[in-house]
Amino acid sequence: MGLLTIIRKNREKERAMRILFLGLDNAGKTTILKKLNGEDVKGVSPTLGFNIKTFIHGKYTLNIWDVGGQKTLRPYWRNYFEQTDAIVWVVDSCDHLRIQDCKQELHALLTEDRLAGASLLVFANKQDIQGAMDDSQISEALDLRSIRTHHWKIWPCSAMTGDNLNEGLHWMVNDVATRLYYNTTMSLAHAHPQTVDES
Amino acid sequence: MADSDQWYTHEFPRVFQASRSGLEGRIASAKTAAQPNPNIVNELAQELAKLNKSLADANNKLPTYDQRQYGLQIKALEAMIEELREASKPKTKFAFRRAAPLENSQRPSVVATPVKDIATLSSNKPQHTLLSSLSHRYISLTDLPTSGQQFSELAISGLDHCIVNLTSSTRQNDDIIRFSAVHVENLTHTVLILPMINGSILLHNLTSCVIAVGCHQFRMHDSRQVQVYLSITSHPVIEHCSEIGFAAYPDILKQLQPMNGDSKHLAVHDFSHIRSSPSPHWSALSNDSVIESWPMEEIHGKEGVEEALSALIL
Ligand SMILES: Nc1nc2c(ncn2[C@@H]2O[C@H](COP(=O)(O)OP(=O)(O)OP(=O)(O)O)[C@@H](O)[C@H]2O)c(=O)[nH]1
Ligand SMILES: [Mg+2]
């Protein structure tokens, strides 16, 4: 049995995915995860550090890392990049004033080698609020169409009503699964180069 | 070349990263507990102190870039442990009552057009509401459009020497605008009096201002000399701020806008000072320095506004 086959078998047995929730502060990352988990969404404080949540989605186990997006925490995002299967980029669709910051942070993130190959799910959150930008406006503002390096999809959603949260995750899980579990061993090797990072 | 130098270039990074990721894993698993065990938190803090010391010992023997990276990683771990410590403290219970039930769970069909020119006091439903580029004015709810938007977004940008009062004292009670998200930037010498927001408020770049607001979340960045009067159920956050004073949301405004009981307005998290020592960037406003008489009535004319402001902002 070749090494790649072994890696693939192990992956298959675990059926685990490592998901990174990122985005500017106030985007609604923590609230989305609480809502998905059926918890009360009121009284959430801004995240100082990170949270980990584990969900079962179909036959997959999602290990989700929700990292704080305040400016002082953004330099630490890189500590979480290793082995990431998908990035969920959460956008506050009401934050007209910072949409440019949001675009810059996203595009900077996508140049990271260690995130190469990860699927990108963009949540245009807070659609329940009057005056929110819709998904096509967000898509344009973030220049998503220029992204060639990652599979991506944008979903309008609301952490308050729960609209589209599961649908978005579902797309993401399928996208990752197609890449990790059904493809040939060759493309697996391409999607996840086994780099040794000594730094 | 000394052996120890060799060790630092080849072995140290591995040993350091191994300890670091070990610690990170342990913090992660401690975090899964509803209330982390304080003893474990202390153990983790000690481990981190050791790691930090090993880095200090390696001083000058590592490439500058690496050393800085390791320093940042230590700082990140510190923040995580601090958060864990916070979570390990016994919790004070609070029950949050919603000001009004969300009656409409459908997603509104948003056909908003992007805001192109920054028009003063402009709003077209469902376009976003923007208050911007004003000076020496008293601004009240009557200056906002009366479209009766229920759960809406408000952006305030670029005000100087203004008094903004968006509580319902200046409008009929049956026509309350309920804000769900408020974004504020670039204010100088301005007093902002807001009602209970059914969501969060975000403020950037304020200088010499007074803010009164009730909200679920409060974040203020890059600001100086601001008095904040808050009713809040989560930790208020400041980042890159100095000379910020916090106090409770004034009773006089509460009568106009019923609020929830418990407030965490003094449980401030300063993201620019993630340590156990008190942050030098904020303090509680003393009883004799809080504002007692608020400018709730409309003031006309530039001089009137200036005079009122000089009594409120030093
Ligand atoms: N109306 C509405 N409010 C939302 C929605 N999602 C989040 N919020 C509010 O937005 C604020 C920020 O939410 P958080 O979940 O703390 O945001 P975050 O992205 O985790 O922020 P950081 O931890 O600082 O990175 C809170 O006050 C939430 O109640 C939504 O879909 N609709
Ligand atoms: Mg959060």
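- Chain B has the name C-CAP/cofactor C-like domain-containing protein in an unreviewed UniProt entry, where Amanita muscaria is given as its organism.
- Looking at the Subcellular location (unreviewed entry) heading of the UniProt record, one finds this comment for chain B: "Cytoplasm".
- Listed under Sequence similarities (unreviewed entry) in UniProt, the entry text for chain B is "Belongs to the TBCC family."

- If you check an unreviewed UniProt entry, chain A appears there as ADP-ribosylation factor-like protein 2 from Amanita muscaria.

1. Re the UniProt feature "binding site: Mg(2+)" (unreviewed entry) in chain A
- The positions UniProt marks with the feature "binding site: Mg(2+)" (unreviewed entry) are Thr30(A) and Thr47(A). For this annotated set, covering 18 residues, all C-alpha atoms fall within 7.6 Å of each other, a compact arrangement in space.
- Following the sequence through the fold, Thr30(A) ends up in helix 2 (residues 29-36).
- The contact partners of Thr30(A), leaving out residues within four places of it in the chain, are Val44(A), Thr47(A), Asn51(A) and Asp66(A).
- The class of Thr47(A) is buried, set by a relative accessible area of 9%.
- Discounting chain neighbours no more than four positions away, the residues touching Thr47(A) are Thr30(A), Asp66(A), Gly68(A), Leu73(A), Glu83(B) and Phe271(B).
- Among the polar contacts listed, one links the side chain of Thr47(A) to the side chain of Thr30(A), at a separation of 2.9 Å.

2. Topic: the packing of aromatic side chains
- What the rule picks out here adds up to 10 aromatic pairs over all chains.
- With a centroid separation of 6.1 Å and 80 degrees between ring planes, the pair formed by Phe218(B) and Phe246(B) is classed as edge-to-face. With Phe218(B) in strand 6 (residues 217-221) and Phe246(B) in strand 9 (residues 242-248), this residue pair connects regions lying 28 residues apart in the sequence.
- Aromatic rings pair up to connect Phe50(A), Trp65(A) and Tyr80(A) into one cluster.
- Over the ring of Trp65(A) we find Arg18(A); its NZ or CZ atom is 4.6 Å from the centre of that ring.
- Across from the ring centre of Phe50(A), 4.9 Å away, lies the NZ or CZ of Lys31(B), which sits over that ring.

3. What about the UniProt feature "coiled-coil region" (unreviewed entry) in chain B?
- Taking the UniProt record as the reference, the feature "coiled-coil region" (unreviewed entry) is found at residues 41-87 of chain B.
- Secondary structure content for residues 41-87 of chain B is 87% helix and 0% strand, while the C-alpha to C-alpha distance between its ends is 10 Å.

4. A closer look at unusual backbone geometry
All names here are of chain B.
- The backbone of Asn186 shows a phi angle near 55 degrees, a positive value even though the residue is not glycine.
- Examined against the element boundaries, Asn186 turns out to sit in strand 3 (residues 178-188).
- Owing to a relative accessible area of 34%, Asn186 belongs among the partly exposed residues under this scheme.
- One non-glycine residue, Glu243, adopts positive backbone phi at about 55 degrees.
- Turning to its location among the elements, Glu243 is positioned in strand 9.

5. Section: the site of ligand 1
- Looking at ligand 1, there are 23 residues lining it, with Thr31(A), Gly69(A), Asp128(A), Ala159(A) and Arg219(B) nearest.
- Lys126(A) has a polar side-chain atom sitting 3.0 Å from an oxygen atom of ligand 1.
- Within the complex, the protein chains bury 98% of what would otherwise be the 660 Å² of accessible surface of ligand 1.
- Contributions of two or more residues to the shell around ligand 1 are made by helix 2 of chain A together with strand 6 of chain B.
- When grouped by side-chain class, the residues that make up the shell around ligand 1 number seven nonpolar, 11 polar and five charged.

6. Describing the coordination of the magnesium ion (ligand 2)
- Only Thr30(A) (OG1) and Thr47(A) (OG1) from the protein coordinate the magnesium ion (ligand 2), and they sit 2.0 Å from it. You can see Thr30(A) sitting in helix 2 and its partner Thr47(A) sitting in the loop between helix 2 and strand 2 (50-57), a full 17 residues away along the chain.

7. Observations concerning the side chain of Ser93(A)
Residues and elements named next belong to chain A.
- Among the secondary structure elements, Ser93 is positioned in the loop between strand 4 (86-92) and helix 3 (99-110).
- Residue classification places Ser93 among the buried positions, given a relative accessible area of 0%.
- Reaching out from Ser93, the side chain makes a polar contact with the side chain of Gln127 at a distance of 3.3 Å.
- When residues no more than four places from it in sequence are discounted, the contact partners of Ser93 are Ala124, Asn125, Gln127, Ala132, Met133 and Ile138.

8. A word on the confidence of the model for chain B
All names here are of chain B.
- Per-residue confidence for chain B gives a mean pLDDT of 79; residues scoring 70 or more make up 79%.
- Every residue in residues 92-126 scores below 50 in pLDDT, and together they form 68 contacts with partners more than four places removed in sequence or on other chains.
- Both scores are available for the predicted complex, with the pTM at 0.73 and the ipTM at 0.83.

9. Some remarks on the sheet that holds strand 4 of chain A
Residues and elements named next belong to chain A.
- With respect to topology, six strands assemble into an open sheet ordered 2-3-1-4-5-6, the strand pairing being mixed. If you trace the sheet from one side to the other, it starts and ends with strand 2 and strand 6 (152-156), each paired once. When the angles between neighbouring strand axes are averaged without regard to direction, this sheet yields 20 degrees.
- Both strand 5 (residues 119-125) and strand 6 contribute to a ladder of five bridges, which runs parallel. The residue bridging Leu121 from the neighbouring strand is Lys153, located in strand 6.
- Lying over the sheet, helix 3 contacts strand 1 (16-22), strand 4 and strand 5, oriented at roughly 170 degrees with respect to strand 4.

Calculation notes
- Each chain has its residues counted from 1, following the order in which its sequence is written.
- Chains and ligands are labelled sequentially in the order written, the chains with letters from A and the ligands with numbers from 1.
- Reporting in this predicted model follows two pLDDT cut-offs: at least 70 for local features of residues, and 80 or more for side-chain atom pairs to be given and counted; totals over whole chains, interfaces and linings ignore these cut-offs and use all residues.
- Side-chain figures throughout are based on the complete set of non-hydrogen atoms in the structure, without hydrogens or water.
- UniProt positions are given in the numbering used here, feature names are shortened, and annotations may be inferred rather than shown by experiment.
- By definition, any uninterrupted DSSP run of H or I lasting at least four residues is a helix, any uninterrupted run of E lasting at least two residues is a strand, and each is numbered from the N terminus.
- Contact between two residues is taken to exist if any of their heavy atoms lie within 4.5 Å; hydrogens are not considered.
- For every residue, the accessible area obtained with a 1.4 Å probe (protein chains only) is divided by the maximum for its type, and the residue is called buried under 20%, exposed over 50%, and partly exposed between those limits.
- Counted as a polar contact is a pair of N or O atoms within 3.5 Å, where, for protein atoms, one must be capable of donating a hydrogen and the other of accepting one, and residues adjacent in sequence contribute only when both atoms are in side chains.
- When the centres of two rings from Phe, Tyr and Trp lie within 6.5 Å, Trp using its six-membered ring, the rings pair. Their planes under 30 degrees apart give stacked, over 60 give edge-to-face, and anything left gives tilted.
- We call a charge positioned over a ring when the NZ of a Lys or the CZ of an Arg lies within 6 Å of the ring centre and within 35 degrees of the ring normal.
- We call a residue near a molecule or strand when any one of its heavy atoms sits within 4 Å of it.
- Working definition of accessibility: Shrake-Rupley area with a 1.4 Å probe, residue cover restricted to the visible protein chains.
- When residues are sorted by character, Ala, Val, Leu, Ile, Met, Phe, Trp, Tyr, Cys and Pro go into the nonpolar class, Asp, Glu, Lys and Arg into the charged class, and all the rest, Gly among them, into the polar class.
- Metal donors: N, O and S atoms at distances within 2.8 Å, or within 3.2 Å for Na, K and Ca, with water omitted from the atom set so that some sites may seem incomplete.
- By definition, pLDDT measures how confident the predictor is in each residue, and it falls between 0 and 100.
- Two strands qualify as a pair provided DSSP detects at least 2 bridges between them.
- Orientation is described by axes fitted as lines to C-alpha atoms, over the contacting stretch for helices, and by angles from 0 to 180 degrees between their N-to-C directions.

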